[in-house]
Amino acid sequence: MSSLSTRSLLLALATMLATAAPSSAGPFGDFAQKAYDATRRANAGVSDGDIGAALKEALAQGANNAITQLGRSDGFWQDTRFRIPLPKALTKADPLLRSFGAGPRLDELHLSMNRAAEAAVPVAADVFSGAIRQLSLKDVRAILDGPPDAATSFFRQATSTSLQAKFRPIVAGITAKAGLAQQYKAVLASAGPLATTLGAPDLDTWVTDRALNSLFLRVADEEKAIRENPAARSTELLKKVFAKS
């Protein structure tokens with residue numbers, strides 16, 4: 001039997017199995033769906049090289065869009081979905097602080113926290129690029145055939161530690177200029193371990209962690225768009241591969 005006939009037979013069989021066995025039908029149904037997807041890609045002439053290049057292109061596009069949106073003035077501050085809130089200890093003390101005339105300094109601190117996040121995000125570009133360059137074919141297939149957030153999970157796992165190390169000094173440098181931040185940090189330092197017990201987080205860690213969470217949330221938006229929305233596939237290679245995925 002020719003290679004073409006064999007693949008046609010496999011495609012027909014995989015199609016039948018995938019149609020007959022929903023994804024909830026367990027491992028067999030899952031295998032049938034993946035067999036169908038893989039065979040369909042093969043028949044469409046999508047090579048492993050194309051798949052790898054397209055996924056890396058998609059990751060780079062998504063990361064760049066996320067960084068561009070968040071890493072600009074008001075990228076965090078003007079979007080309530082991403083805006084970093086004050087620590088709960090300060091939120092609870094808000095009325096008291098304002099009654100003593102500290103409202104402007106509280107507002108200054110809140111804004112400076114978000115400005116710090118906006119300033120830190122652009123350094124993620126090099127970190128993300130390095131992670132993308134190191135992708136293996138196995139990683140590529142796991143992401144392409146994985147759950148809807150597989151690419152975002154990859155970024156989170158591969159870059160979080162490095163990003164935290166790069167974000168925190170930038171954040172600390174900016175929050176240090178806010179007078180109330182200095183007082184907050186001084187109070188935490190004097191309280192020692194009691195500060196953690198009372199639920200008062202280190203301010204720079206608070207901002208860094210939430211900046212990273214927002215960045216990955218924004219990357220997830222990009223991943224969803226590329227997987228589900230043909231208009232978000234900006235090149236022919238992306239259209240070719242993701243139309244078959």
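Cut-offs used in this document
Residues numbered from 1 in each chain as written. Predicted model: local features only at pLDDT ≥ 70, side-chain atom pairs only at ≥ 80, totals over all residues. Heavy atoms only, no water. 1 Å grid on protein atoms, 1.4 Å probe; cavity = no way out; pocket = protein on both sides within 12 Å on 5 of 7 lines; lining within 4 Å. Points joined across faces, edges and corners; volume = space filled by probe spheres on them. Helix = DSSP H or I, 4+ residues; strand = E, 2+ residues; numbered from the N terminus. Nonpolar A, V, L, I, M, F, W, Y, C, P; charged D, E, K, R; others polar. Core = buried A, V, L, I, M, F, W, Y, C linked by side-chain atoms within 4.5 Å. Buried < 20%, exposed > 50% of the residue type's maximum accessible area, 1.4 Å probe, protein only. Contact = heavy atoms within 4.5 Å.

Engineer: Just checking my understanding: could you explain empty space enclosed by the protein for this structure?
Structural biologist: To locate leftover empty space, one rolls a probe as large as a water molecule over the atoms. Using the criterion set out here, one finds one cavity of 30 Å³ or more in the structure. Approximately 110 Å³ is the volume attributed to the largest cavity. Together, 14 residues line the largest cavity, and Ala58, Leu59, Ala151, Glu223 and Ile226 are the ones closest to its centre. When contributions to the lining of the largest cavity are tallied by element, the ones reaching two or more residues are helix H3 (48–70), helix H8 (150–175) and helix H11 (203–228). Here the residues of the lining of the largest cavity sort into ten nonpolar, one polar and three charged.

Engineer: Please clarify how the nonpolar core should be interpreted in this entry.
Structural biologist: One recurring pattern in soluble globular proteins: nonpolar side chains tend to sit buried together. Within the largest apolar cluster, 47 residues are counted, with the highest numbers of intra-cluster contacts made by Leu109, Phe128, Phe155, Leu163, Phe167 and Leu215. Only H3, helix H5 (103–120), helix H6 (124–133), helix H7 (137–144), H8, helix H9 (179–191) and H11 provide two or more residues apiece to this core. When residues of this core are assigned to their parent elements, the largest contribution, eight residues, is made by H11. Contact partners of Phe128, with chain neighbours within four places excluded, come to Ala63, Ile67, Phe155, Thr159, Leu163, Leu215, Phe216 and Val219.

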